[in-house]
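# Results of the structural survey
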Amino acid sequence: KDLINWEMIGYCINRPTQLTGAINIFATTIRYHDNTFYMITTNVSNPFGNFYVTATNPAGPWSDPVWIDAQGIDPDLFFDDDGKVYVISSTFELHEIDIKTGRFKSEGLKIWNGTGGRYAEGPHIYKKDGFYYLMAAEGGTEEAHSETIARSKNIWGPYNPNPANPILA
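Keep in mind that this is a model prediction, so the values were computed, not measured.

About the thresholds
- Residues numbered from 1 in each chain as written.
- Predicted model: local features only at pLDDT ≥ 70, side-chain atom pairs only at ≥ 80, totals over all residues.
- Heavy atoms only, no water.
- Helix = DSSP H or I, 4+ residues; strand = E, 2+ residues; numbered from the N terminus.
- Buried < 20%, exposed > 50% of the residue type's maximum accessible area, 1.4 Å probe, protein only.
- Contact = heavy atoms within 4.5 Å.
- Pairing = 2+ DSSP bridges.
- Salt bridge = Lys/Arg side-chain N within 4 Å of Asp/Glu carboxyl O.
- Core = buried A, V, L, I, M, F, W, Y, C linked by side-chain atoms within 4.5 Å.

### As for the overall build of the protein
The helix and strand inventory of the protein stands at zero helices and twelve strands. Ordering the α and β elements of the protein from the N terminus gives β-β-β-β-β-β-β-β-β-β-β-β. Buried positions account for 42% of the 169 residues belonging to the protein. For the protein, long-range pairs separated by at least 24 residues make up 34% of all intrachain contacts whose partners lie at least 6 apart in sequence.

### Focus on unusual backbone geometry
Following G60, the chain continues to P61 via a peptide bond in cis, the omega torsion being 5°. In this structure, P61 sits in the loop between β3 (49–55) and β4 (66–68). With an omega of 0°, the peptide bond running from N165 to P166 counts as cis. Following the sequence through the fold, P166 ends up in the segment after β12 (160–161). Of note in the backbone geometry, L3 takes a positive phi value of approximately 65° without being a glycine. Counting through the fold element by element, L3 comes out in the segment before β1 (25–33). Of note, D74 is a non-glycine position whose phi angle comes to about 60°, a positive value. Looking at the element boundaries, D74 is found in the loop between β4 and β5 (76–79). On the basis of relative accessibility, which here comes to 5%, the residue D74 falls in the buried class.

### Considering the sheet that holds strand β10 (residues 131–138)
If you walk across this open sheet you meet the four strands as β9-β10-β11-β12, and the pairing is antiparallel. In this open sheet, the two strands that pair with only one neighbour each are β9 (121–128) and β12. Sheet analysis places β9 next to β10, joined by six bridges and oriented antiparallel. Within β10, the position partnered with K128 by the bridge is F131.

### Overview of the pattern of salt bridges
Within this structure, the stated rule accounts for six salt bridges. Between E96 and K105 there is a salt bridge; the shortest N-O distance is 3.9 Å. With a relative accessible area of 56%, K105 lands in the exposed category. Counted as one network, the salt bridges with shared partners bring together D80, D81 and K127.

### Side note on the sheet that holds strand β7 (residues 93–96)
On the basis of which strands lie adjacent, the open sheet formed by four strands has the order β5-β6-β7-β8 and antiparallel pairing. The open sheet has two edge strands with one neighbour each: β5 and β8 (109–110). As paired elements, strand β6 (residues 85–88) and β7 share two bridges and run antiparallel to each other. Within the sheet, the bridge partner assigned to Y86 lies in β7 and is E96.

### Quick look at the nonpolar core
L94, I111, I125, L134, I155 and Y159 are the most contacted members of the largest nonpolar core, which has 14 residues in total. Within the residue set of this core, elements represented by two or more residues are β6 and β10. For this core, the leading source of residues is β10, giving three residues. When near neighbours in sequence (up to four residues on either side) are disregarded, I111 contacts I88, F92, L94, I125, L134, I155, W156 and Y159. Counting twelve residues, the second-largest nonpolar core is a separate cluster that includes I40, Y52, F79 and I97.

### Topic: the environment of H95
Residue position: H95 is located in strand β7. Given the relative accessible area of 8%, H95 is considered buried. In this structure, the C-alpha to C-alpha distance between H95 and A22, residues 73 residues apart in sequence, is 28 Å. Setting aside residues up to four positions removed in sequence, H95 forms contacts with V85, Y86, V87, F104, S106, E107, G108 and W156.

See below:
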């Protein structure tokens, strides 16, 4: 309620059978849609890859990983109003995805190049007032780190960057 008074209720990855090998998780994102919680992330160790787990209660139990073929790191899910689900990662390549199986339902399309900042990461898509907004971090995790945003009337683009980018530095 206030980001001060809270308690830990559990972990999304809590069984050795969920991930075998080394675990080094990057930039998790939690989404909630249709009575299900989704945690999507990248394991940068062996086995390397992007995956999500699901639960109907955030305290768990959480499912085994559903591995996806998204390239890059820091994937995110977007649930559109028409029932379609999309995944995007640091490559800015968008895919429609079958949320039950993790298989892509479309060819990937690079929908943005960012603003030129190095090490793009953590892209998220939001929809507001008829626009799709694509927000991402650029510049690495040092003094050049910033947040940029672009918008489009169509989820597949073209995305026009905010002339005031970066919106946060």
